[in-house]
Amino acid sequence: AAADILGRITAQGVAWNRQMGIGVLLFERLLLCALTLFLSVFSTSSIFSIIIALSIYLIGLFQEEIRNMWFDSSGTSLPGDIGRFILSIIFPDFRMYSLMDSAINGKEITLRLFASVGGITLAYTVMYLSAASMIFRRKEF
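Computed from a predicted structure; not experimentally measured.

Definitions and cut-offs
- Residues numbered from 1 in each chain as written.
- Predicted model: local features only at pLDDT ≥ 70, side-chain atom pairs only at ≥ 80, totals over all residues.
- Heavy atoms only, no water.
- Helix = DSSP H or I, 4+ residues; strand = E, 2+ residues; numbered from the N terminus.
- Buried < 20%, exposed > 50% of the residue type's maximum accessible area, 1.4 Å probe, protein only.
- Polar contact = N/O pair within 3.5 Å; in protein donor to acceptor, adjacent residues only side chain to side chain.
- Contact = heavy atoms within 4.5 Å.
- Axes fitted to C-alpha atoms, helices over the stretch in contact; angles between N-to-C directions.
- Parallel < 35°, antiparallel > 145°, perpendicular 65-115°, else oblique.
- Left-handed = near helix turned anticlockwise from the far one by under 90°.
- Nonpolar A, V, L, I, M, F, W, Y, C, P; charged D, E, K, R; others polar.
- Core = buried A, V, L, I, M, F, W, Y, C linked by side-chain atoms within 4.5 Å.
- Phe/Tyr/Trp six-rings, centres within 6.5 Å; stacked < 30°, edge-to-face > 60°.
- Patch = residues over 30% accessible without salt bridge, like charges linked within 9 Å, V, L, I, M, F, W, Y side chains within 5 Å.
- Areas by Shrake-Rupley, 256 points an atom, 1.4 Å probe, with all protein chains shown as cover.
- Salt bridge = Lys/Arg side-chain N within 4 Å of Asp/Glu carboxyl O.

Glancing now at the side chain of Q63. Residue position: Q63 is located in helix α4 (residues 63–70). Classification of Q63 as buried rests on a relative accessible area of 1%. There is a polar contact of 2.4 Å between the side chain of Q63 and the backbone oxygen of F91. The contacts of Q63, once residues within four sequence positions are left out, are L87, S88, F91, P92 and D93.

On to the packing of helix α2 (residues 16–42) against helix α7 (residues 111–138). One can describe the packing of α2 onto α7 by two numbers: an axis separation of 9 Å at closest approach and a directional angle of 15 degrees. Considered as vectors, α2 and α7 are oriented roughly parallel to each other. Relative to α7, α2 is oriented so that their crossing is left-handed. Here the residues of the contact of α2 with α7 sort into 21 nonpolar, 4 polar and no charged.

Of all hydrophobic cores here, the largest spans 26 residues; its most connected members are Y97 and Y128. Among the secondary structure elements, those contributing two or more residues to this core are α2, α3 (46–61), α6 (99–104) and α7. In terms of residues, this core owes the most to one element, α2, which gives 9 residues.

Here we come to the packing of α2 against α3. Two elements in contact, α2 and α3, have axes separated by 9 Å at closest approach and are oriented at 130 degrees. It follows from the interaxial angle that α2 and α3 lie oblique. The crossing of α2 and α3 is right-handed. Facing E28, L32, L35, T36, L39 and S40 of α2, the residues of α3 in contact are S49, I52, A53, I56 and Y57.

Attention shifts here to the packing of aromatic side chains. Any pair of aromatic rings gets described here by the distance separating the centres and the angle formed by the planes. All chains considered together, the criterion is met by 6 aromatic pairs. With a centroid separation of 5.2 Å and 90 degrees between ring planes, the pair formed by F38 and F42 is classed as edge-to-face. Residue F38 and its partner F42 are located together in helix α2, separated by 4 residues, close to a single helical turn. With a relative accessible area of 16%, F38 lands in the buried category. Taking the centre distance of 5.7 Å and the plane angle of 35 degrees together, the rings of F38 and Y128 count as tilted.

What follows covers a nonpolar patch on the surface. Taken together, the side chains of L78, I82, F85, I86, I89, I90 and M127 present a nonpolar region at the surface, about 660 Å² in accessible area. Sort the elements by how many residues they give to the nonpolar patch and helix α5 (residues 78–90) lands first, with 6 residues. Note on placement: I86 falls in helix α5. Owing to a relative accessible area of 44%, I86 belongs among the partly exposed residues under this scheme.

Right, let's talk about the pattern of salt bridges for a bit. The final tally for this structure, using the stated rule, is 3 salt bridges. Across the salt bridge formed by R95 and E64, the nearest N and O atoms sit 3.2 Å from each other. On the criterion of sequence distance, the pair formed by R95 in the loop between α5 and α6 and E64 in helix α4 is long-range, its members being 31 residues apart. Looking at E64, the relative accessible area reads 40%, which means it is partly exposed. One salt bridge in this structure joins R95 and E65, with 2.8 Å as the shortest N-O distance. Linking R95 in the loop between α5 and α6 with E65 in helix α4, this pair joins segments that are 30 residues apart in sequence. According to the relative accessible area criterion, R95 is partly exposed, its value standing at 30%. Note on E65: relative accessible area 39%, which makes it partly exposed. It is possible to trace a salt-bridge network through shared partners that takes in E64, E65 and R95.

Have a look at this one:
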């Protein structure tokens, strides 16, 4: 009986899949911090930065629905392709960070998927922080 209980506890313990899920969660928070820092360069109020960052987060969660609703979903029109491209560059797709739910449910997060999410996060973070530093350098106090 004790071995059975110990086996169940060990099965629910530390697993690489859950560690990658936590890593993806940290990637999401890193991107939100970079986005909020970028927005704080423009604003004088921290509440404004938080509200706009939350709005961008919500847009990122529903980005696929917005693309299908506003732009031609067949993918044959050039304006639709340009609109989807601009939307995906400005607003990150935060739905890709829902891998933690998959990890909790026991689905495997591959190293390739983890690395691609990390690469996308790094690209957006560098973009937001570079833009923030360029704007901040030209700002007069």
